[in-house]
Amino acid sequence: MMKGKKLVALLLSLTLCASLLAACGGKSSSGSSASEVVVNKEGYPVVSEPLTMTVMGPDIGITKWDTMPFFKTMEEKTGIKLEFRNAPNDSFETKRNLVLASGDYPDIFFGGQFKSADEVNYGGQGVLLPLEELIEQYAPNIKKILDENPDIRKSITTPDGHIYTLPKIDLNAVWYMGPLWYNGEFLQKLGYDKVPQTVDELYTYLKRVKTEDPNGNGQADEIPLTSTKLKDGVRMWLMSSFGLGLEDIYSDANDKVHYAFTADGYKDYLTFMNKLWNEDLLDHETFSQTDEQKKAKGKNNQVGLIPDYYAYFSYGGEPSDKHPMYQPVASSIDGTPVIPKHPGLAKGAFAISSSNPSPEATIRWIDYLYSTEGAELLAKGPEGTLWDYVNKDTHEKKWNEAPNGEDREEYRGKLTPDYGIVVPGIVNEEVNNGFTSDFDKWITQQNEEKILPNAKVPFPSVYLSESDQQRVSAIRSDLNTFVEQMEAKFITGQEPLSNYDKYLETANKMGADEMVKIYQAAYDQWKQN
Amino acid sequence: MQQNGVTAMPVQGVPLKKKNTLWKRIAQNWELYLLIAPAFFYFLIFHYGPMYGIQIAFKNFIPAKGIWGSPWVGFDHFTRFFDSYYFWDLLWNTLSISLYELAVGFPLPIILALAFNEIRTGFFKKSVQTVTYAPHFISMVVMAGIIITFLSPSTGIINHMIQWFGFEPINFLTEPKWFKTMYVLSGVWQGTGWGTIIYLAALSGVDPQLHEAAIVDGASRWQRILNINIPAILPTITILMILNMGGILGVGYEKILLLQNSLNMSSSDVISTFVYRSGLVDAQYSFSTAVGLFNSVINAALLIIVNQIARKTSENSLW
Amino acid sequence: MSVAAVKETKTDKIFLTCNYIYLTIALLLVLYPLLYIVSASISDPKLVASGEMWLFPKGITFEGYKMVFQNDKIWMGYGNTILYTVIGTCVNLIVTIPAAYALSRKDFVGRNFFMGMFMVTMFIGGGLVPGYLLIKNLGLVNSMWALILPGAASIWNIIVSRTFFASTIPRELQEAAQIDGCTNMRLFIKIVLPLSAPIIAVMALFYGVGHWNSYFSALIYLNDESKFPLQMILRQILVLNEISADTAGAINASVAEAMNNKAEVAALLKYGVIIVSTLPVIAIYPFLQRYFVQGVMIGSVKG
């Protein structure tokens, strides 16, 4: 009796709700972009009448964007006022997806962190506007870059032929991930005049670090090679010695696509790592420690080889040439290592939504950041704050002191959003002219000597169709877990390497080879275009 | 005091009399509807209002088409979840972590609350109570950082102690068999003091006259705990137990993600972390809703079963 | 209290001693990590991460606290959090306590309907997107009420309070009052509420702490940074994005330097920030403890 009553009541309240919702479930009409805004096609300001747009971007918590001199200068220059709806960087994607899903989105995404799948999804659904026509008509700087670099155009054009997001472009970028760094002090103590060149030499170095007490404290507390979960570069750089182009999907010299965790050299990589583990040359806390703990070991002068973006982040001290860069070592398997090179662009940094009142004005606004002046403004803040021109024609610049003796980098973070996040724009030699320190020059020299000779972009940024993407997502949600778990087990010896064939079989059963086929097709398509 | 609660119970079994009596009862207590009205409208608007969203578990949610306009896919998302290579591992890990947590974490606050209740109000009591309560406020990120630091095989204090006693250091963080213990005990450390609060409140409702009478009868402190204090908090214990059973698959992802690594994955991966990882590739609202719905069905079933048991064996139950 | 005044017997003394020992052990076990946090907050982060600092502060530095106290955003967040916590908790109590009392009354017709209706929401929810749409349609996006109204009550807390009312408010009290012609409203306000200080204190604490620690609804519903609560600000400062292969393509020197800088700041601030941000909620607890003394409420009314 009670139950029946309850059920009726429940149904009643449910119907009530349904009717309540019918009233408010309507989709917000996406504002058609037939703009009445008058946009100046050339020169500044972009709009003569004031125009306000909303922006969403990832905030790293230093300064509110609306007080940043960068945005103020842009507003003065273009006449476009921006209102910000930022989200903290670590949860940016959550909020961005939510506003996109609920139809309550801003006019512009700045630093949008769109992945290829997002572009295909939201672009295809009409939430993000196609930009290629706008670029053609209103964005001379972007057009010039795309015309000069057809590969970039190819990389940002989705399969339906549209460009939905703009990238950050840095044509001088070299590293796919931060390299590994030798402990310069150890090398010296052990009498090395050049860094190890082969897998065997690397092994010998690590072994000597372990046994010969190079930090001279009388304790065998040296950790030859350390890492946090191998994801910090150790996996990628060591894989390259065994012919694996990247720690995920990559293409080889014969245009064949591979998945590193099932590719040919992978077993050799595991064998080598297992040897390092067994002889205690690879930190036994590799899989459990935090980044902070890893760095503390480096600063404690215990580590012989450590991954990081710059050596001084981990070893401490000032930027210097004290700690030499790792040179990807050659193994017997593949004459020379295959070194992944940065593709020179980071996609998904900027997008215009369908609610934008004036896409034309917006594209003109962003186009400025792809000119050298705009890029300078974005990278270092307005002229006269942190820097001044020495020679305006060559774009040679010099640093100014930050006010109140503040750290220059920290102060820069208050001037511009280009601090800790990926923003749309370009970095070229002119932008950095005058800012190149001795350290930068040393890095360039190390790159030219050790990385660039064998470097190759491991895989172009291809797009998958929606159904392929869904399939890949489904495969990856299990496969990624499986291969990483098995990698750790093989390396630590919990799983004997004799089971490698069984592992391959399972990985393929979970869809590894199917995924490779999907990517191969997309790659062939990319090649053809 | 307690007898009152007892006599109040059998009302549920009272046969409903004729209609006019029902109306009379409603009319007599009309103000109670006023009291419950805010909660009623709150649940109606903020919970039943958005409830139509549950349908995306059976749809392929496409933002631009909205919830109503997205195409139906039937049980596709559920099948994808059930067919996952790790489905049974996930289910087992989630259940075992939850039950372990319940077995260890549920009785401890009760014991601690009873212990607090026995000592005189004063500086010591205030200190213990406040100190045990404080860990509740440590954020997960820092908590996980402390766990990793303390348990590190090379530098952690716990392993230093183990070595000091002459044993080999233990890789708590990477040995799958230690993960659940680590997870549960750190949770106990963080949550026991906080968990006592509700029992302390329940204990404060005990009539001191009962104790005085018992003392006159020569009952020891231990006997009074057993016969007065525990019965007094039994309703709360039962209700919390039922509610906990209704959350058995709800092991959160935040702490686990922070403590998880490739080596302990086989015992640390739970449903919520799996969903979280799937969502990293792209926002999979439909899939996560489907998994959520699966969890709810299991949770609700367990809650109903436990509630029925409680109803049959005691006077306390949710309905 | 009269109970305590009675002379303890020998068994009771042994029992009490054991009890004190038990509590002292509990105290020490919990205290150590807390002391560790305090020490860590004024130690050199490098020595903390390397495990050299294990009890007493090492490489003492007050930089972390200095940075916290100089950060305007933290204080702005503090102000917001206090505001949201106070108002939010009041709303919670106004919704929860009366509803729980009504549900505790056996003679309340429809009790099971309401219980059932509320409990369904424990298991079925619409999810993020419709929730967001609702808030948007109510015009609450970017307002304080978006953080307060959607969480105005928790079924868990209603049930717990209901259990308290059902097991501690004497039924004769109600009957007597009703015979005297006292209305339900008067009964609730004049008699039940004064008897319920412990549960009100508990609920205020549960809800209050919930508001104090919450950040997700702020993340979802607030756009304007000057409205962000403390936890959002802390997340911005402390949570580090993991550098992995997925994001690697996006890293350049300036991003890497900024991230490294941020990691160092986070290491320095991490522990101090915990202390600064939780001290008020910890400090409030001893004041609430006086409601949790056995017999204090019942005794006061009857006496």
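These figures come from a predicted structure and were not determined experimentally.

Chemist: Let's hear about the overall build of chain B: which residues, and what values?
Modeler: In terms of helices and strands, chain B carries 17 helices and zero strands. The C-alpha atoms of chain B give 25 Å as radius of gyration, which overshoots the globular expectation for 319 residues (20 Å, by more than 25%). Expressed as a percentage of the 319 residues in chain B, the buried residues total 56%. Relative to all contacts within chain B whose residues are 6 or more apart in sequence, the contacts with residues 24 or more apart total 64%. Put simply, chain B shows about 13700 Å² of open surface, and 68% of that area lies on carbon and sulfur atoms.

Chemist: Tell me about the overall build of chain C, residues and numbers included.
Modeler: When helices and strands are counted, chain C shows 17 helices and zero strands. Across its three principal directions, the C-alpha atoms of chain C cover 80 × 65 × 30 Å. Intrachain contacts of chain C at a sequence separation of at least 6 include 71% that bridge at least 24 residues. Summed over all atoms, the accessible surface of chain C reaches about 12000 Å², with 69% contributed by carbon and sulfur. Computed over 21 positive and 16 negative side-chain charges, the inter-centroid distance for chain C is 10 Å.

Chemist: Let's hear about the interface of chain A and chain B: which residues, and what values?
Modeler: With 41 residues of chain A at the interface, the matching set in chain B holds 41 residues. Interface area, chain A with chain B, both sides summed: about 3500 Å², of which 60% is carbon and sulfur. Viewed at the interface, chain B and chain A are joined by zero salt bridges. For the pair chain A and chain B, the number of links is eight residue pairs in polar contact (both at pLDDT 80 or more). Of all the secondary structure elements, the ones that give two or more residues to the side of chain A that touches chain B are helix 1 (2-24), helix 3 (92-102), helix 4 (116-124) and helix 19 (466-492) of chain A. Of the residues that constitute the side of chain A that touches chain B, the class distribution is 17 nonpolar, 16 polar and eight charged.

Chemist: Report on the interface of chain B and chain C, specifying residues and quantitative values.
Modeler: Contacts between the two partners involve 103 residues from chain B, matched on the other side by 113 residues from chain C. Here chain B and chain C share an interface that buries about 9600 Å² over both sides, 73% of which is from carbon and sulfur atoms. Counting the surface chain B buries against chain C, the share from its top three residues, L35, F137 and R221 of chain B, is 7%. At the boundary of chain B with chain C, the tally comes to one salt bridge. The closest approach of N and O atoms between R224 of chain B and D12 of chain C, which form a salt bridge, is 3.9 Å.

Chemist: Can you break down the environment of T130 of chain B residue by residue, with the values?
Modeler: Counting through the fold element by element, T130 of chain B comes out in helix 8 (residues 123-133). In this structure the C-alpha to C-alpha distance between T130 of chain B and T289 of chain B, which are 159 residues apart in sequence, comes to 39 Å.

Chemist: Could you give an account of the nonpolar core, with specific residues and numbers?
Modeler: Formed by 287 residues in total, the largest nonpolar core has its most connected members in Y269 of chain A together with F118 of chain C. The leading source of residues in this core is helix 11 (residues 176-204) of chain B, at 14 residues. Each residue touching Y269 of chain A, except ones within four places of it in the same chain, is listed here: L230, R235, L238, M239, F242, L244, E487 and I491 of chain A. Counting residues in each nonpolar core, the second largest holds 53 residues, with L345, L377 and I426 of chain A together with A258 of chain C among its members.

Chemist: Quick one: what's the story with the packing of aromatic side chains, residue by residue and with numbers?
Modeler: Pairs of aromatic rings are described using the distance from one ring centre to the other and the angle between the two planes. All chains considered together, the criterion is met by 89 aromatic pairs over all chains. Ring plane angle 50° and centroid distance 6.3 Å describe the contact between Y266 of chain A and Y500 of chain A, whose orientation is recorded as tilted. Of this pair, Y266 of chain A sits in helix 11 (residues 266-278) while Y500 of chain A sits in helix 20 (residues 500-509), placing them 234 residues apart in sequence. When its relative accessible area of 0% is taken as the criterion, Y266 of chain A is described as buried. We classify Y500 of chain A as buried; its relative accessible area is 5%. One aromatic cluster is present, built from ring pairs that chain together Y259, F261, Y266, Y269, F482, F490, Y500 and Y503 of chain A together with Y85 and Y86 of chain B.

Chemist: Break down the sheet that holds strand 13 (residues 345-352) of chain A for me, with residues and values.
Modeler: Strand pairing within a sheet occurs via backbone hydrogen bonds; the two strands may be parallel or antiparallel. Residues and elements named next belong to chain A. An order of 3-1-5-13-6-16 is seen for the six strands of this open sheet, with the pairing classed as mixed. In the strand order of this sheet, the two ends are held by strand 3 (80-84) and strand 16 (425-427), each with one partner. Neighbouring strand axes in the sheet, compared pairwise and without regard to direction, differ in orientation by 30° on average.

Chemist: Account for the UniProt feature "transmembrane region" (unreviewed entry) in chain C, with residues named and values stated.
Modeler: Residue and element names in this part refer to chain C. UniProt's entry tags residues 20-38, 82-101, 113-135, 147-166, 187-209 and 268-288 with the feature "transmembrane region" (unreviewed entry), counted in the numbering of this structure. Counted over residues 20-38, helix gives 100% and strand 0%. Its end C-alpha atoms are 26 Å apart. Across residues 147-166, the secondary structure splits into 70% helix and 0% strand, with the terminal C-alpha atoms separated by 31 Å.

Chemist: Describe helix 12 (residues 208-216) of chain B, and please don't skip the residues or the numbers.
Modeler: All names here are of chain B. Listed in full, the buried residues belonging to helix 12 are P208, H211, A214 and I215. Taken end-on, helix 12 shows its buried residues confined to a sector of 120°, consistent with a single buried face. The backbone nitrogen of Q209 lies 2.9 Å from a side-chain oxygen of the residue at the head of helix 12, namely D207. G218 lies just past helix 12 and shows a positive phi near 85°.

Chemist: For the side chain of R105 of chain C, give the residues involved together with the corresponding values.
Modeler: Position of R105 of chain C among the secondary structure elements: in the loop between helix 5 (72-104) and helix 6 (111-123). Within the structure, R105 of chain C has its side chain in polar contact with the side chain of N29 of chain B (distance 3.3 Å). In contact with R105 of chain C, not counting residues within four places along its chain, are N29 and L32 of chain B together with R111, Q174, Q178, N184 and L187 of chain C.

Chemist: Break down the UniProt feature "transmembrane region" (unreviewed entry) in chain B for me, citing the residues and quoting the values.
Modeler: Taking the UniProt record as the reference, the feature "transmembrane region" (unreviewed entry) is found at residues 32-49, 90-116, 137-162, 182-202, 230-253 and 285-306 of chain B. Helix makes up 69% of residues 137-162 of chain B and strand 0%. Its end C-alpha atoms lie 29 Å apart.

Chemist: Please provide a residue-by-residue account of the pattern of salt bridges, values included.
Modeler: Residue and element names in this part refer to chain A. All told, the structure shown has 37 salt bridges over all chains when counted by the stated rule. Two residues, R96 and E93, come together in a salt bridge whose shortest N-O distance is 3.9 Å. Of this pair, R96 and E93 both sit in helix 3, separated by three residues, roughly a single helical turn. Relative accessible area serves as the criterion here: at 0%, R96 is assigned to the buried category. The exposure class assigned to E93 is partly exposed, which follows from its relative accessible area of 26%. A salt bridge links D118 to R96; the shortest N-O distance between them is 3.0 Å.

Parameters and conventions
Residues numbered from 1 in each chain as written. Chains lettered and ligands numbered in written order. Predicted model: local features only at pLDDT ≥ 70, side-chain atom pairs only at ≥ 80, totals over all residues. Heavy atoms only, no water. Helix = DSSP H or I, 4+ residues; strand = E, 2+ residues; numbered from the N terminus. Rg over C-alpha atoms; globule rule 2.2 N^0.38 Å. Buried < 20%, exposed > 50% of the residue type's maximum accessible area, 1.4 Å probe, protein only. Contact = heavy atoms within 4.5 Å. Areas by Shrake-Rupley, 256 points an atom, 1.4 Å probe, with all protein chains shown as cover. Lys, Arg positive; Asp, Glu negative; His and termini not counted. Charge placed at Lys NZ, Arg CZ, Asp CG, Glu CD. Buried area = accessible area lost by both parts, 1.4 Å probe. Salt bridge = Lys/Arg side-chain N within 4 Å of Asp/Glu carboxyl O. Polar contact = N/O pair within 3.5 Å; in protein donor to acceptor, adjacent residues only side chain to side chain. Nonpolar A, V, L, I, M, F, W, Y, C, P; charged D, E, K, R; others polar. Core = buried A, V, L, I, M, F, W, Y, C linked by side-chain atoms within 4.5 Å. Phe/Tyr/Trp six-rings, centres within 6.5 Å; stacked < 30°, edge-to-face > 60°. Pairing = 2+ DSSP bridges. Axes fitted to C-alpha atoms, helices over the stretch in contact; angles between N-to-C directions. UniProt positions renumbered as here; feature names shortened; annotations may be inferred. Arc of directions from axis to C-beta.

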